[in-house]
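Analysis of the macromolecular model
Residues per chain are reported as follows:
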Amino acid sequence: MDLVQKDLKYIWHPCSQMKDYEELPPIIINHAKGLYLYDTEGKRYADVVSSWWCNLLGHCNERINNAVKHQIDRLEHVIFANFSHMPAIELCEKLSQIVPKGLTKLFFTDNGSSAIEAAMKMSFQYHYQTGNPQKKKFMALSDAYHGETLGSLSVSGVDLYSEIYKPMLLDIIRVEGPDCYRCKYGKYRENCNAECFEKAQKAFDEHGAETCAFVVEPLVQAAAGMKIYPPIYLKKLRACCDAHNIHLIADEIAVGYGRTGKMFACEHAEISPDIMCMSKGLTGGYMPMALAAVTDEIYNAFYADYNESRAFMHSHTYCGNPLACSAALEVLKIMEDSHILQKAKSNAVYFNKLIREKLEDYEFAGDIRSIGLINAIELVKDKKTKEPFDSKQRLGYQIYKEALKSGVLLRPLGDVLYFNPPLIIEQEDMDFVVDVLNKSTRQILG
Ligand SMILES: *Cc1c(COP(=O)(O)O)cnc(C)c1O
């Protein structure tokens, strides 16, 4: 039996219709370096989706490899209740200087969804313990994505992932979110006043008293198709949360760590959330780990004599794993030493210009949007009416398969093609991947 047959015999792959693997078998990756993955036959693929948005500084980064190798011979793991270790302490000391001001304590979990779950439980318990037990609901935007465990899936609003499970999920206050490409107010993201915030305002007026937290992806609803909205929306959200004693939980799992051109997307709006969740870029894409950063005010509501039963009784076996912490610590050092953010910023200008040059006039490129190195091209049937293609045609998937032949891993979100590459991508790589995207798209759509 060859490797592919063995794979399909034993493995159920995530987020896939396994029947699709009959025509497109799994690509078995042997090794990787920088932007590129290499399969068992030596064929190269440009990983412009950062392997589900987590690979931050390229694959097999020498410095991160060495940091993990060094750590593995000292301590691979230790229980994190009552025990601690150097990599965790150093990481949190460094991070506390970088996160938005007011966030002072860091709580470890072991993946993004579990960080959202922890944040939701913290917020609920905070209100319970500060005399507001009636605050037990959550607000979230339409088209949100916050993970796929039951709590995080409840606040998510992308039907593709949640529809079937609705009978199992929490009752959420869903707020119709911004939709800048198809703005119902006839405005533009660059200069609007977030007129669409009136929908959120209404939800706050009606449900503010029973709500403990608003969970939001700052500036980019990534899984929804890299939908970008203006900072003014976040500013208004912060003000409304303050007015109603509601926590603002910023899900920076996808957009944090420089993806939008700043370390955290919240910085564009000059706001601080009450809880901020980080994961994907945190370890450079090396190991599963996540963090919830919280304020002193929240932390202090849990701090009491043991018998008052106020502690946060939440744990994941692998939280604070030393190997993951050593990778995460090295990521921060590299970002600092190598001026990663500054370089990514100037490359982002080049990348976006290149994409516009090649695709702006293309008859099916409805919207080209970008922030930092994130660039998305939404394909539509009719540019004037913005009418989408029939999703049953699976055009994004056809383009994905075409681009793979030329060595680029695109994995579109429906008919939204996008790039979310590691921050170290070079200009010659950009030339290559934009060329392949352009050719593959025209090959399929004409
Ligand atoms: C990926 C993601 C999550 C979930 O993280 P997992 O590690 O996959 O559980 C949550 N929120 C956002 C915005 C994400 O992109």
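Definitions and limits used
Throughout, a residue's number is its position along its own chain's written sequence, starting from 1. Reporting in this predicted model follows two pLDDT cut-offs: at least 70 for local features of residues, and 80 or more for side-chain atom pairs to be given and counted; totals over whole chains, interfaces and linings ignore these cut-offs and use all residues. Side-chain numbers come from the whole structure's heavy atoms, not from hydrogens or water. In DSSP terms, a helix is any run of H or I states spanning at least four residues, a strand is any run of E spanning at least two, and both are numbered starting from the N terminus. The size measure is the radius of gyration over C-alpha atoms, and the globule rule it meets is 2.2 Å times the number of residues to the 0.38 power. Whether a residue is buried, partly exposed or exposed follows from its accessible area with a 1.4 Å probe, protein chains only, as a fraction of its type maximum: under 20%, in between, or over 50%, in that order. Only heavy atoms matter for contacts: two residues are in contact if any of them lie within 4.5 Å across the pair. In short, Shrake-Rupley with a 1.4 Å probe defines the accessible areas, and a residue's cover is counted only from the protein chains shown. Charge convention: Lys and Arg are scored as positive, Asp and Glu as negative, and His as well as the terminal groups of each chain are ignored. Charged groups are reduced to one reference atom each: NZ for lysine, CZ for arginine, CG for aspartic acid, CD for glutamic acid. We call a set of buried Ala, Val, Leu, Ile, Met, Phe, Trp, Tyr and Cys residues a nonpolar core when their side-chain atoms join them within 4.5 Å. We define proximity as follows: a residue is near a molecule or strand when any one of its heavy atoms falls within 4 Å of that partner. Contacts described as polar in this section are N or O atom pairs within 3.5 Å, which, within protein, must combine one atom able to donate a hydrogen with one able to accept it, while residues neighboring in sequence count only if both atoms come from side chains. When residue character is reported, Ala, Val, Leu, Ile, Met, Phe, Trp, Tyr, Cys and Pro are called nonpolar, Asp, Glu, Lys and Arg charged, and the others, Gly included, polar. What the arc covers is the set of directions going from the helix axis to the C-beta atoms. DSSP calls a pair of strands paired once it identifies at least 2 bridges connecting them. The angle between two axes is taken between their N-to-C directions and runs from 0 to 180 degrees, where each axis is a line fitted to C-alpha atoms and a helix contributes only its stretch in contact. By salt bridge we mean one thing: a side-chain nitrogen of Lys or Arg within 4 Å of a carboxyl oxygen of Asp or Glu.

The next point concerns the overall build of the protein. For the protein, the helix and strand inventory stands at 14 helices and 16 strands. Against the 2.2 N^0.38 benchmark of 22 Å for 446 residues, the protein shows a C-alpha radius of gyration of 22 Å, consistent with a compact globule. If you line up the protein on its principal axes, its C-alpha atoms span 65 × 60 × 45 Å. The buried share among the 446 residues of the protein stands at 54%. Contacts in the protein between residues far apart in sequence, at least 24 positions, make up 72% of those at least 6 positions apart. For the protein, the exposed area adds up to about 21,100 Å²; of that, 52% sits on carbon and sulfur atoms. On the protein, the mean spot of the 50 positive side-chain charges and the mean spot of the 58 negative ones are 2 Å from each other.

Before going further, it helps to spend a moment on the nonpolar core. If you look at the biggest cluster of nonpolar residues, it comprises 117 residues, and the most contacted ones within it are F204, F214 and Y257. Beyond its immediate sequence surroundings of up to four residues, F204 is in contact with M139, F197, F214, L237, C240, C241, H244 and I246. In this structure, A140, C277, A292 and V294 belong to the second largest nonpolar core, which totals 25 residues.

The immediate surroundings of the ligand are formed by W53, N111, G112, S113, Y145, H146, G147, E217, D251, I253, A254 and K280. Between an oxygen atom of the ligand and a side-chain N or O atom of N111, the distance comes to 3.4 Å. Note that a nitrogen atom of the ligand is positioned 2.6 Å from one of the side-chain N or O atoms of D251. With the chains in place, 83% of the 380 Å² that the ligand exposes on its own is no longer accessible. Grouping the amino acids of the shell around the ligand by side-chain chemistry returns four nonpolar, five polar and three charged.

This paragraph deals with helix α3 (residues 62-72). Among the residues of α3, those classed as buried are I64, A67, V68 and Q71. Down the axis, α3 shows its buried residues gathered within 95 degrees of arc, on one side only. Residues E62, K69 and H70 are exposed on α3 and point more than 90 degrees away from its buried face. Of the surrounding secondary structure, the elements contacted by the buried residues of α3 are α4 (86-96) and α11 (322-337).

Moving on: the sheet that holds strand β14 (residues 374-379). Taken together, three strands build an open sheet; the order of strands is β13-β14-β16 and the sheet is antiparallel. Looking along the sheet, the strands with just one partner apiece sit at the ends: β13 (365-371) and β16 (416-419). The mean angle between the axes of side-by-side strands here comes to 15 degrees, regardless of whether they run parallel or antiparallel. Where β14 meets β16, four bridges bridge the pair, whose relative direction is antiparallel. For E378, the partnering residue across the bridge sits in β16 and is V416. Along the sheet, helix α14 (residues 427-445) makes contact with β14 and β16, crossing β16 at roughly 170 degrees.

On to the pattern of salt bridges. In the structure shown here, the tally under the stated rule is 27 salt bridges. Put simply, D296 and K105 hold a salt bridge, and the shortest N to O gap is 4.0 Å. Here K105 lies in strand β4 (residues 103-109) and D296 lies in helix α10 (residues 296-300), a separation of 191 residues in the sequence. In this structure, D435 engages K439 in a salt bridge whose closest nitrogen and oxygen atoms are separated by 3.1 Å. Of this pair, D435 and K439 are both found in helix α14, four residues apart, which corresponds to roughly one turn of the helix. Using a relative accessible area of 25% as the deciding quantity, one classes D435 as partly exposed.

Here we take up the environment of E22. Structurally, E22 can be placed in the loop between α1 (3-10) and β1 (29-33). When the C-alpha positions of E22 and E41 are compared, they lie 20 Å apart, and in sequence the two are 19 residues distant.

With that settled, consider the pairing of β14. Within β14, six of the six residues are buried, leaving the element largely enclosed by the surrounding structure. Here β14 shows two buried faces, one formed by I374, A376 and E378 and the other by N375, I377 and L379. Judged from the six bridges that link them, β13 and β14 form a sheet pairing that is antiparallel. Along β14, the bridge assignment pairs A365 with L379.

Mapping N132 onto the fold places it in the loop between α5 (112-129) and β5 (137-141). N132 has contacts with H127 and N245, leaving out every residue within four places of it along the chain.

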